[in-house]
Amino acid sequence: MAKIPAFTRRAAVLAAAAAAMAPPQPQAAVATRARIVIAGAGAAGLAAAARLAQRLDGAEITMLDRRQAHFYQPGFTLVAAGLKDPAYTVGRTADYVPRGVRWVEERAAEIDPGAKTVTTDAGRRVPYDFLVLATGLSLDFDAIEGMDTARIGQDGLGSVYAGPAQAEATWRAMSAFADRGGIGLFGRPSTEMKCAGAPLKYTFITDDILRRRGNRGKAELIYNAPQRALFSVPIVAERVRMLYQDRGVAVNYGHDLSAIDLGRKVATFRTAEGPKEFRYDFINVVPPMRAPDVVRDSPLRWQTGAWAREGWAEVDRHSLRHVRFPEIFAVGDIAGVPKGKTAASVKWQVPVMVDHLVATIEGRQSAARYDGYTSCPLITRIGRAMLVEFDYQDNLVPSFPGVIAPLEELWITWIMKEVALKPTYLAMIQGRA
Amino acid sequence: MKELDIGTFVAVLQEMMGPLLWVILVAAALATLGFVYVLVRDRGLVARRLVWSEALGVIGGVGGVLLMHEITHSDFADIGGPIDWVVVAAIFVLGAVGTVVGAYTVLGLFFRRAA
């Protein structure tokens, strides 16, 4: 090998170091006049709009969403733990709409994939060359007989998912329970759901608050899961099972919440042995979740199985491209893929989806591939969490192997959740992370 | 967090601290410049001043850790594994070094006779 002068070697090393430190060079924007419609301006819709606006020059990007408030949903748990104000989770969509993207404050109501048009709830027809589904999902409280979201916060009724105000109302109900004790009921629905860790976290948090107030001995905590496990990733399920045993949380599998009597404070669960009633002093209701009607009532949904009933968009799990309509993609909660209806999934899905869309415009094939990565800082008490990261194959995929152990209750993971997660999320929806 | 580049890191810091990020960076830069100026002017470290600064540095380090506990609703009982001790040590060192440099500079510039 030829000898390289020392100063040249040093310069090369320095240049390489500088290159590693420098932000990635923005790729040259692709010139196009494509009409791209994004249905939904939540985390997935905004992140997609930001990335598309960065990658394309001249595209006509239209985002459809009626809601003006933007919810930072990962913060709902912290609000319901009494640690953050509801305002912590509320922003304005207008503040995050990227330059060059037109935001129409109407909801996508109907999609005609044959004619390639979206019709809004105001009757406007919007034609597209590419459609990105980012509609999010619907909370199906009506599927629980007797449930009334207006009563969240009263008579021991909580529901962290329903919104910022309801998360705070849930905190009031849970705090009152933590003062008195009694029976606390927790669980999850049988459908797909966003952030499957959230109901588990809230059980841990309630346990912690009871202990801090010296009332854990006066309370019985029960977690009812419709499935046969506490979490879809076996190694995580087993770890949570051990922790619940340690904290004295009773677990019942095969229990699916079907009805609730808010006056009598009795919840009814479907089980293999028939309906079973549980009296409660506090309950965290996690409703069944399904695709919004615009997708569920369209040819875009899955055609067979549970996902057809729930209505999720039938996309390829690695490219997020629709299997029957190649000009349609789905990102975020609406995507009918295993695992992850979380902000972390959005963070990894959007760049892959965008690369496939841009590649189609350019007439090339994209090699980008989404392997199902998602993550969940699973709070196990106020001050500690486990950083759980996994993929489609139920593999643990730790970002910091050997440094942050995935199944260990750690303070650093809690710090990330409380301090770093929201800034990362906000950077993501602006296409900067 | 499958990949972490410097651009993402800066974007996250900006979202986290807003304008405060620039205030902190400018303050750190000014303190460092002042420190170098005082060093050059005095042709070395002044032992008496350094001892005072180090005493304040211990307070700064402890203060950093307590501040982190305060803003994250947690305390020493939440430390769960070796990495948590590394984080505590890192926060202490950052707080301590920052305070030593800042205090030494302030003492050197404004209380030259006293210390």
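Everything numeric in this text was worked out from a predicted model, so none of it was measured. (Residues numbered from 1 in each chain as written. Chains lettered and ligands numbered in written order. Predicted model: local features only at pLDDT ≥ 70, side-chain atom pairs only at ≥ 80, totals over all residues. Heavy atoms only, no water.)

A. Representation of the sheet that holds strand 11 (residues 130-133) of chain A within the structure. All names here are of chain A. Sheet architecture is open: five strands sit in the order 7-4-2-11-22, paired in parallel fashion. At either margin of the open sheet sits one strand with a lone partner, and together these are strand 7 (101-104) and strand 22 (328-330). Across the sheet, the mean angle from the axis of one strand to that of its neighbour is 20°, orientation sign disregarded. The pairing of strand 4 (residues 60-64) with strand 7 spans four bridges and is parallel. Across the sheet, Met-63 pairs through a bridge with Trp-103, a residue of strand 7. (Pairing = 2+ DSSP bridges. Helix = DSSP H or I, 4+ residues; strand = E, 2+ residues; numbered from the N terminus. Axes fitted to C-alpha atoms, helices over the stretch in contact; angles between N-to-C directions.)

B. Just helix 2 (residues 43-55) of chain A, in detail. All names here are of chain A. With 13 residues, helix 2 ought to run about 18 Å at 1.5 Å a step, and its terminal C-alpha atoms sit 18 Å apart, in line with that. Counting buried positions along helix 2 yields ten of 13 residues, so the element is predominantly enclosed. Looking only at helix 2, the buried set comprises Ala-43, Ala-44, Gly-45, Leu-46, Ala-47, Ala-48, Ala-49, Ala-50, Leu-52 and Arg-55. (Expected span 1.5 Å × (residues − 1). Buried < 20%, exposed > 50% of the residue type's maximum accessible area, 1.4 Å probe, protein only.)

C. Geometry of the interface of chain B and chain A. Taken residue by residue, the interface counts 29 residues in chain B and 34 residues in chain A. Applying the counting criterion to the chain B and chain A interface returns two salt bridges. Between Arg-432 of chain A and Glu-15 of chain B there is a salt bridge, with its nearest N and O atoms 3.8 Å apart. Taken together, the connections running from chain B to chain A amount to twelve residue pairs in polar contact (both at pLDDT 80 or more). Elements that contribute at least two residues to the side of chain B that touches chain A include exactly helix 1 (6-17), helix 3 (47-71) and helix 4 (82-110) of chain B. (Contact = heavy atoms within 4.5 Å. Salt bridge = Lys/Arg side-chain N within 4 Å of Asp/Glu carboxyl O. Polar contact = N/O pair within 3.5 Å; in protein donor to acceptor, adjacent residues only side chain to side chain.)

D. Spatial organisation of the confidence of the model for chain A. The predicted model of chain A has a mean per-residue pLDDT of 94, with 94% of residues at 70 or higher. Contacts from residues 1-25 of chain A, a stretch scored under 50 in pLDDT, to residues over four places away or in other chains number six contacts. (pLDDT = per-residue confidence, 0-100.)

E. Local environment of the pattern of salt bridges. All names here are of chain A. The final tally for this structure, using the stated rule, is 31 salt bridges over all chains. We note a salt bridge from Arg-364 to Asp-355, for which the minimum N-O separation is 3.5 Å. Taking the relative accessible area as the measure of exposure, Arg-364 reaches 34% and is therefore partly exposed. Between Glu-362 and Arg-364 there is a salt bridge, with the nearest N and O atoms lying 2.6 Å from each other. According to the relative accessible area criterion, Glu-362 is partly exposed, its value standing at 41%. One network of salt bridges, in which partners are shared, links Arg-55, Asp-355, Glu-362 and Arg-364.

F. Expanded view of the nonpolar core. Residues and elements named next belong to chain A. Counting residues in hydrophobic clusters, the biggest one holds 130 residues, and the most contacted among them are Ile-36, Ile-38 and Leu-133. By residue number, the principal contributor to this core is helix 10 (residues 411-429), which donates nine residues. When residues of this core are assigned to domains, at least three fall in each of domain 1 (30-137 + 291-362) and domain 2 (141-288). Beyond its immediate stretch of four places on either side in the chain, Ile-36 contacts Leu-52, Leu-56, Ala-59, Glu-60, Ile-61, Thr-62, Phe-130, Val-132 and Leu-357. The next biggest cluster of nonpolar side chains, apart from the first, holds 18 residues, and it includes Ile-152, Ala-169, Ala-267 and Ile-283. (Core = buried A, V, L, I, M, F, W, Y, C linked by side-chain atoms within 4.5 Å. Domains from an automatic or database assignment.)

G. Representation of the side chain of Ser-366 of chain A. Residue and element names in this part refer to chain A. Structurally, Ser-366 can be placed in the loop between helix 9 (343-362) and strand 23 (374-381). For Ser-366, a relative accessible area of 14% translates into the label buried. There is a polar contact of 2.6 Å between the side chain of Ser-366 and the side chain of Asp-355. A polar contact of 3.0 Å, which involves the side chain of Ser-366, links it to the backbone nitrogen of Ala-368. Setting aside its immediate chain neighbours within four residues, Ser-366 contacts Asp-355, His-356 and Ala-359.

H. Spatial organisation of the domain arrangement of chain A. Residues and elements named next belong to chain A. You can read the domains of chain A as domain 1 (30-137 + 291-362) and domain 2 (141-288). A straight line from the C-alpha centre of domain 1 to that of domain 2 covers 30 Å. With 19 residues of domain 1 at the interface, the matching set in domain 2 holds 21 residues. Counting the surface lost from both domain 1 and domain 2, the interface buries some 1600 Å², and carbon and sulfur atoms represent 67% of this. The largest share of the area that domain 1 buries against domain 2 comes from Phe-76, Thr-77 and Ala-80, three residues that together contribute 32% of it. Linking domain 1 to domain 2 there are one salt bridge. One salt bridge connects Asp-333 with Lys-194, and the closest N-O pair in it is separated by 2.8 Å. Joining domain 1 to domain 2, the criterion identifies six residue pairs in polar contact (both at pLDDT 80 or more). (Buried area = accessible area lost by both parts, 1.4 Å probe.)

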